[in-house]
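Listed below, chain by chain, are the residues.
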Amino acid sequence: MTHSPVTQHSEVAAAIDALRQQLRYHNQRYYVFDDPDISDAAYDALFRQLQTLEAAHPELITRDSPTQRVGGEVQAGFSEIKHRLPMLSLGNVFNAAELTAFDQRCQRGLATVDLISYCAEPKLDGLAVSLIYQQGVLTMAATRGDGESGEDVTHNIRTIGAIPLALTLPDGGSAPELLEVRGEVFMDRSGFQQLNLQRQQQGEKRFVNPRNAAAGSLRQLDPAITATRPLRFYAYAVGAVSDTLTLPSSHYALLQWLRQWGLPVAAEISQVSGAAGCLAYFNQMQSRRNQLPFEIDGVVFKVDSLAAQQQLGFQARAPRWAIAHKFAAEEASTRVVAIDVQVGRTGTLTPVARLEPVYVGGVTVTNATLHNQDEVDRKDVRVGDTVVVRRAGDVIPEIVAVVLAARPHQTAPFRLPENCPVCGAVALRQPGEAALRCSGGLYCPAQRKEQIKHFASRRALDIEGLGDKLIEQLVDADLIHTPADLYGLSREQLLQLERMGEKSADNLLAALAQSRQTTLARFIYALGIREVGERTAQILADHFIHLEALQAADQEALQAVAEIGPVVAENIHTFFRQPHNQAVIAQLLDAAQSGIHWPTPSETRQEHLLLQGKTVVLTGTLQSMSRDTAKAALQALGAKVSGSVSAKTDYLVAGEAAGSKLTKAESLGVTIVDEAQLQQWLERA
Ligand code: D41
């Protein structure tokens with residue numbers, strides 16, 4: 001079959017057109033709907049078909065063809081572009097009170113007391129850009145710049161796969177004459193990591209964060225380089241549009257409408273109601289923050305109704321109808337004023353950077369641990385350095401990096417001392433360990449202090465009123481050397497201490513007396529055996545039931561316990577073999593001295609436990625023991641201890657100032673028991 005040149009040409013044109021449409025469709029499925037329906041390889045095959053046809057018919061190439069993303073030419077610089085409408089800035093709030101004030105201003109501005117509907121969006125941490133589509137084709141792209149004019153980054157923007165070179169037109173519909181789309185160019189976490197990995201392998205400098213990486217990538221003079229960078233885009237507003245175009249009536253609907261034109265919009269956008277709805281969204285996004293594929297630094301709320309937006313208008317360069325609610329900054333810079341060396345409970349020497357106070361991640365930070373010498377060497381933190389401090393979520397603040405450009409003259413690398421700064425004993429590094437350890441053992445006052453602090457702490461023996469400062473005073477005054485000495489303290493000795501009044505002394509003696517009644521798990525935890533935390537202590541208590549059995553256990557017996565590995569087993573075994581530890585434990589348990597004791601579960605069969613199968617609720621303040629101790633004691637008697645009173649409750653143990661639980665128990669006819677009765681139960685066991 002022969003073709004006239006004209007038919008052949010129009011057939012090719014149709015084939016090219018069909019391929020372009022298919023590629024645009026798949027691009028949209030991939031970037032806008034996050035739901036591709038062909039493989040990358042199949043996409044590449046279509047792409048190559050189009051390239052081949054276009055190469056044979058260069059006269060058919062158009063600027064909006066998917067093959068034309070990289071123009072090739074290197075730019076001499078970026079020219080300035082004046083925005084058709086200014087790109088406004090966004091006001092910030094940092095807490096619920098400020099957000100509520102924003103909501104109230106909107107209500108006042110709209111003269112309404114009704115709940116305002118807002119469009120809530122993630123606040124992407126990237127670069128704001130403006131995209132101009134004329135007759136449906138991307139003709140110009142600019143950075144936000146100062147809001148009035150920005151830089152022409154059209155060549156670079158064209159290389160971003162997520163940004164359509166041509167709008168998707170509705171069936172039979174026509175392209176708007178002018179549509180300006182505004183949004184954020186950003187890099188997602190995985191793209192950022194890959195880019196940095198690649199740069200590291202090529203000996204190039206890593207980017208500090210995705211924001212910088214996105215900005216650096218968009219400011220490349222060679223679009224071919226930008227094309228290799230994993231940039232993404234989400235639209236969040238429109239700018240100038242042709243008069244003939246009818247926009248939806250709400251911002252939320254506007255974003256959906258943009259999606260229909262083929263523009264990607266964040267999946268996380270949502271409509272919320274009033275300040276309470278905004279705060280709920282903020283909290284939800286804050287907790288999802290680390291799971292999101294991209295970094296956000298807060299959320300943005302926009303009055304949803306476009307008519308209401310118009311009514312509210314602008315103030316200075318920011319709309320009155322929108323606000324960014326920012327997460328507390330997780331990084332800040334400050335100065336290292338000193339590096340101290342702390343000696344821990346087990347003798348570990350830990351370098352701690354003392355910082356000029358800095359507000360970061362929602363709290364004021366004055367210290368950051370430097371962990372050990374390796375860590376100090378790696379970061380090369382020196383006294384006088386300006387450092388970047390990070391505190392994300394509830395994690396301990398850490399020094400991320402030193403700002404070398406700000407390092408003063410004549411600083412020296414920091415080295416941990418060769419001797420314990422407290423007792424002077426040699427500090428040794430155990431093979432296979434990063435830590436330097438003071439070899440002074442319990443002769444070292446620092447280790448003694450830490451051990452006694454641990455013994456008295458809330459989750460151990462819970463000695464109320466025995467704070468860190470007081471323990472330091474007692475050790476420094478040579479009044480105590482071991483935890484057992486605490487129980488030999490007299491009122492007179494306490495009163496000799498600075499800032500110790502009669503009432504405090506009596507309270508402390510009462511707290512010490514109360515701490516004698518504890519549980520085996522707490523006691524094991526309080527001993528401060530290396531790597532035996534609360535959970536391990538509980539496992540050991542449940543397994544051995546009697547302290548004597550644990551003390552006598554050899555390593556094999558210890559390792560037979562679920563979850564106890566060889567290292568912990570060795571720590572436990574070694575601990576109980578030390579004569580010093582044996583002596584302290586004997587003193588702690590000696591009824592004539594400290595008299596620490598705990599309820600031992602009856603060894604008779606379970607059914608014979610005094611409170612077997614009974615449900616008990618505790619309420620009010622107990623005089624002779626803490627709530628936790630009472631709970632453990634009741635459980636040892638076979639009771640189930642519940643937090644709330646119901647018809648299923650067998651006993652309510654009511655301490656002083658019992659409130660609503662007591663009233664409820666009375667109304668349900670639950671047996672009410674006082675502290676004396678509780679004591680009797682414990683004694684009978
Ligand atoms: O995600 C963002 N970074 C974001 C920025 C967003 N989701 N919405 C925004 N909305 C606006 C208005 C309300 C002015 C249209 C913005 C920004 N502005 C913005 N980005 C940089 C300056 C202003």
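Since this is a predicted model, take the numbers as computed values, not measurements.

*Asks:* Got a sec to walk through the nonpolar core? Specific residues and values, please.
*Replies:* Residues Leu131, Ile157, Leu179, Leu258, Leu263 and Phe301 are the most contacted members of the largest nonpolar core, which totals 67 residues. With sequence-adjacent residues up to four places away left out, Leu258 is seen in contact with Leu179, Val181, Ala235, Ala237, Val238, Leu263 and Val265. Residues Leu466, Val475, Ala521 and Ile585 belong to the second largest nonpolar core, which totals 53 residues.

*Asks:* Please give an account of the sheet that holds strand S4 (residues 127–134) that cites residues and values.
*Replies:* With antiparallel pairing, the 4 strands of this open sheet are ordered in space as S5-S4-S7-S8. Edge positions in the open sheet fall to strand S5 (137–143) and strand S8 (231–241), since each of these has one partner strand only. Across the sheet, the mean angle from the axis of one strand to that of its neighbour is 30 degrees, orientation sign disregarded.

*Asks:* Pulling in residues and values, what's your account of the packing of helix H3 (residues 96–109) against helix H9 (residues 274–288)?
*Replies:* It is at 9 Å that the axes of H3 and H9 come closest, and there the two elements cross at 140 degrees. By the angle between their directions, the pair H3 and H9 is classed as oblique. Once H3 is placed against H9, the crossing between them reads as right-handed. The segment H3 lies against H9, with Ala96, Leu99, Thr100 and Asp103 engaging Gly274, Ala275, Cys278 and Leu279. Class assignment of the residues belonging to the contact of H3 with H9 gives a composition of 5 nonpolar, 2 polar and 1 charged.

*Asks:* Give a detailed account of the pattern of salt bridges, specifying residues and quantitative values.
*Replies:* Note on pairing: side chains with opposite charge can pair once their charged atoms come close. This structure, assessed with the given rule, holds 34 salt bridges. For Arg29, the salt bridge goes to Asp35, with nearest N and O atoms at 2.6 Å. The salt bridge partner of Arg522 is Asp628, with a shortest N-O separation of 2.9 Å. With Arg522 in helix H16 (residues 520–526) and Asp628 in helix H22 (residues 627–636), this residue pair connects regions lying 106 residues apart in the sequence. Taken together, the salt bridges that share partners define one network made up of Asp380, Arg382, Asp385 and Arg407.

*Asks:* For helix H24 (residues 675–684), give the residues involved together with the corresponding values.
*Replies:* Of the positions making up H24, those classed as buried are Glu675, Leu678, Gln679, Trp681 and Leu682. The arc enclosing the buried residues of H24, seen along the axis, measures out at 155 degrees, which places them on a common side. Summarising the geometry of H24, the exposed residues directed more than 90 degrees from the buried face are Glu683 and Arg684. In this fold, the buried residues of H24 make contact with H22, strand S23 (651–654) and strand S24 (671–673).

*Asks:* Kindly report on the sheet that holds S23, identifying the contributing residues and their values.
*Replies:* One open sheet accounts for 4 strands, arranged S22-S21-S23-S24; its pairing is parallel. Two strands lie at the open edges of the sheet, namely strand S22 (640–642) and S24, each paired on one side alone. When the angles between neighbouring strand axes are averaged without regard to direction, this sheet yields 30 degrees. Note that strand S21 (residues 615–619) and S22 share 3 bridges and pair parallel. Note on S22: the bridge partner recorded for Val617 is Ser642. Contacts from H22 reach S21 and S22 within the one sheet, and its direction differs from that of S21 by about 165 degrees.

*Asks:* Provide a residue-level description of the packing of aromatic side chains, including the pertinent values.
*Replies:* Counted under the stated rule, the structure contains 12 aromatic pairs. On the basis of an interplanar angle of 40 degrees and a centroid distance of 6.0 Å, the ring pair of Phe102 and Tyr118 is categorised as tilted. Taken together, the residues Phe102 in helix H3 and Tyr118 in strand S3 (residues 117–124) connect sequence positions 16 residues apart. Phe102 gets classed as buried once you look at its relative accessible area, which sits at 2%. Arranged with centres 5.1 Å apart and planes meeting at 35 degrees, the rings of Phe523 and Trp598 form a pair that is tilted. Residue Phe523 is found in helix H16, and its partner Trp598 is found in the loop between helix H21 (579–589) and S21; the two are separated by 75 residues along the sequence. Each of the two residues, Phe523 as well as Trp598, counts as buried. Among the aromatic residues, those joined into a cluster by ring pairs are Phe186, Tyr234 and Phe294.

*Asks:* Requested: an account of the site of the ligand, with residues and values cited.
*Replies:* Near the ligand lie 16 residues; those nearest to it are Leu88, Glu121, Leu124, Tyr236 and Lys302. Between the ligand and Pro122 there is a distance of 3.5 Å, counted from an oxygen atom to a backbone nitrogen or oxygen. The protein chains hide 88% of the 490 Å² of surface that the ligand would expose on its own. Residue assignment for the shell around the ligand shows that the elements contributing at least two residues are S3, S8 and strand S10 (296–303). Among the elements that make up the shell around the ligand, the one with the highest residue count is S3 (4 residues).

*Asks:* Give me the side chain of Arg259: which residues, what numbers.
*Replies:* Here Arg259 is to be found in helix H8 (residues 251–260). Although Arg259 is buried, it forms no salt bridge, and the closest oppositely charged side chain is Glu268 at an N-O distance of 7.4 Å. If we skip the residues at most four places from it in the chain, Arg259 touches Gln28, Val32, Phe33, Val265, Ala266 and Ala267.

*Asks:* How would you explain the side chain of Arg182 if you had to name every residue and give the values?
*Replies:* Positionally, Arg182 belongs in strand S7 (residues 178–187). At 2.6 Å, the side chain of Arg182 forms a polar contact with the backbone oxygen of Leu85. Contacts of Arg182, omitting those with residues within four sequence positions, involve Leu85, Pro86, Met87, Val129, Ser130, Phe233, Ala235, Tyr236, Ala237, Val238 and Gly239.

Rules used in this analysis
- Residues numbered from 1 in each chain as written.
- Predicted model: local features only at pLDDT ≥ 70, side-chain atom pairs only at ≥ 80, totals over all residues.
- Heavy atoms only, no water.
- Core = buried A, V, L, I, M, F, W, Y, C linked by side-chain atoms within 4.5 Å.
- Buried < 20%, exposed > 50% of the residue type's maximum accessible area, 1.4 Å probe, protein only.
- Contact = heavy atoms within 4.5 Å.
- Pairing = 2+ DSSP bridges.
- Helix = DSSP H or I, 4+ residues; strand = E, 2+ residues; numbered from the N terminus.
- Axes fitted to C-alpha atoms, helices over the stretch in contact; angles between N-to-C directions.
- Parallel < 35°, antiparallel > 145°, perpendicular 65-115°, else oblique.
- Left-handed = near helix turned anticlockwise from the far one by under 90°.
- Nonpolar A, V, L, I, M, F, W, Y, C, P; charged D, E, K, R; others polar.
- Salt bridge = Lys/Arg side-chain N within 4 Å of Asp/Glu carboxyl O.
- Arc of directions from axis to C-beta.
- Phe/Tyr/Trp six-rings, centres within 6.5 Å; stacked < 30°, edge-to-face > 60°.
- Near = heavy atom within 4 Å.
- Polar contact = N/O pair within 3.5 Å; in protein donor to acceptor, adjacent residues only side chain to side chain.
- Areas by Shrake-Rupley, 256 points an atom, 1.4 Å probe, with all protein chains shown as cover.
- Lys, Arg positive; Asp, Glu negative; His and termini not counted.

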